[in-house]
Amino acid sequence: MTAEDTRTGEQAEELRAAIARQFGRSLHIRTLDTGSCAVCEQEIRLLAAPHYDLHRLGFFFTPAPRHADLLLVTGPMIRAFAVAARKTYDAMPGPKVVVATGACALGGVYPADPFTYGSVDAVLPVDVWIPGCPPSPLALLHGLGVAVGRLAEKVRDLPFTAADYPERSRAD
């Protein structure tokens, strides 16, 4: 077993524990390609392969934004796709997290011009940035771990009980 395998196993256990502790359920990821070359998607697909086995951590990919907790965006935000990207984001239930993945999504490859906004944050509110061209599976795992923390912060801020609404009376 190599040092990288040991590190991957430790990161995996930390992610699994964080998800279980903070949510008690799995997290569903909706991937969104806004004009990439597809290399980032290949690295993302590796996470579901047996070596990384993202499912054992409680992460699952979903084709439906209405079931997603996390939006994983790759590629530069092209202007022709901005409305579709915003509709996908708006269809997700809250709280939600947006993760910009790869150098293109961060605006490092394509500057803003008549065809592209450049970075994803020109259209969507980005919570986590994962650099790299393409980012490695370990960088993706780390970014997802950071995203779990950001989502946990958003969940913690939501009111769940009547005590969280002091202005409401019991007659309501």
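Going by the structure above, here's the rest.
Predicted, not measured: the structure shown is a model, and the values here were computed from it.

1. Observations regarding the environment of V128
With respect to the element layout, V128 can be found in strand β7 (residues 128-130). As for V128 and T101, which are separated by 27 residues in sequence, their C-alpha atoms are 8.5 Å apart.

2. Section: the nonpolar core
L54, F59, V99 and L141 are the most contacted members of the largest nonpolar core, which has 23 residues in total. Those elements that provide at least two residues to this core are α1 (3-22), β1 (27-33), β3 (70-74), β5 (97-101), β7 and α4 (137-156). Considering each element in turn, this core owes the most residues, seven residues, to α4.

3. Quick look at the packing of aromatic side chains
Tallied over the entire structure, the rule returns zero aromatic pairs. The aromatic ring of Y117 is capped on one face by R79, whose charged end is 4.2 Å from the ring centroid. Between the NZ or CZ atom of K96 and the centre of the ring of Y89, over which it lies, the distance is 4.1 Å.

4. Section: the pattern of salt bridges
Under the defined criterion, the tally for this structure stands at two salt bridges. Salt-bridge contacts for K154 lead to D127; the nearest nitrogen and oxygen are separated by 3.2 Å. Placement of the pair is K154 in helix α4 and D127 in the loop between β6 (116-118) and β7, with a sequence separation of 27 residues.

5. Thoughts on the pairing of β5
Counting buried positions along β5 yields five of five residues, so the element is predominantly enclosed. Of the two faces of β5, the one holding V97, V99 and T101 and the one holding V98 and A100 are both buried throughout. Looking at chain direction, β3 and β5 are connected through five bridges and run parallel. Residue V73 lies in a different strand from β5, and its bridge partner there is A100. Of the pairings in the sheet, the one linking β5 to β7 comprises three bridges and is parallel in character. Looking at the pairing, V99 lines up with V128 of β7.

6. Describing helix α3 (residues 82-91)
Considered for burial, the residues of α3 that qualify are A82, A85, T88, Y89 and A91. Looking at the buried positions of α3, the neighbouring elements they touch are β1, β3, β4 (77-78), β5 and β6.

7. Description of helix α2 (residues 39-46)
Every buried residue of α2 is accounted for by C40, E41, E43 and I44. Down the axis, α2 shows its buried residues gathered within 160° of arc, on one side only. Here the buried face of α2 lies against β1, β2 (59-61), β3, β5 and α4.

Conventions we followed
Residues numbered from 1 in each chain as written. Predicted model: local features only at pLDDT ≥ 70, side-chain atom pairs only at ≥ 80, totals over all residues. Heavy atoms only, no water. Helix = DSSP H or I, 4+ residues; strand = E, 2+ residues; numbered from the N terminus. Core = buried A, V, L, I, M, F, W, Y, C linked by side-chain atoms within 4.5 Å. Buried < 20%, exposed > 50% of the residue type's maximum accessible area, 1.4 Å probe, protein only. Phe/Tyr/Trp six-rings, centres within 6.5 Å; stacked < 30°, edge-to-face > 60°. Lys NZ or Arg CZ within 6 Å of the ring centre and 35° of its normal. Salt bridge = Lys/Arg side-chain N within 4 Å of Asp/Glu carboxyl O. Pairing = 2+ DSSP bridges. Contact = heavy atoms within 4.5 Å. Arc of directions from axis to C-beta.

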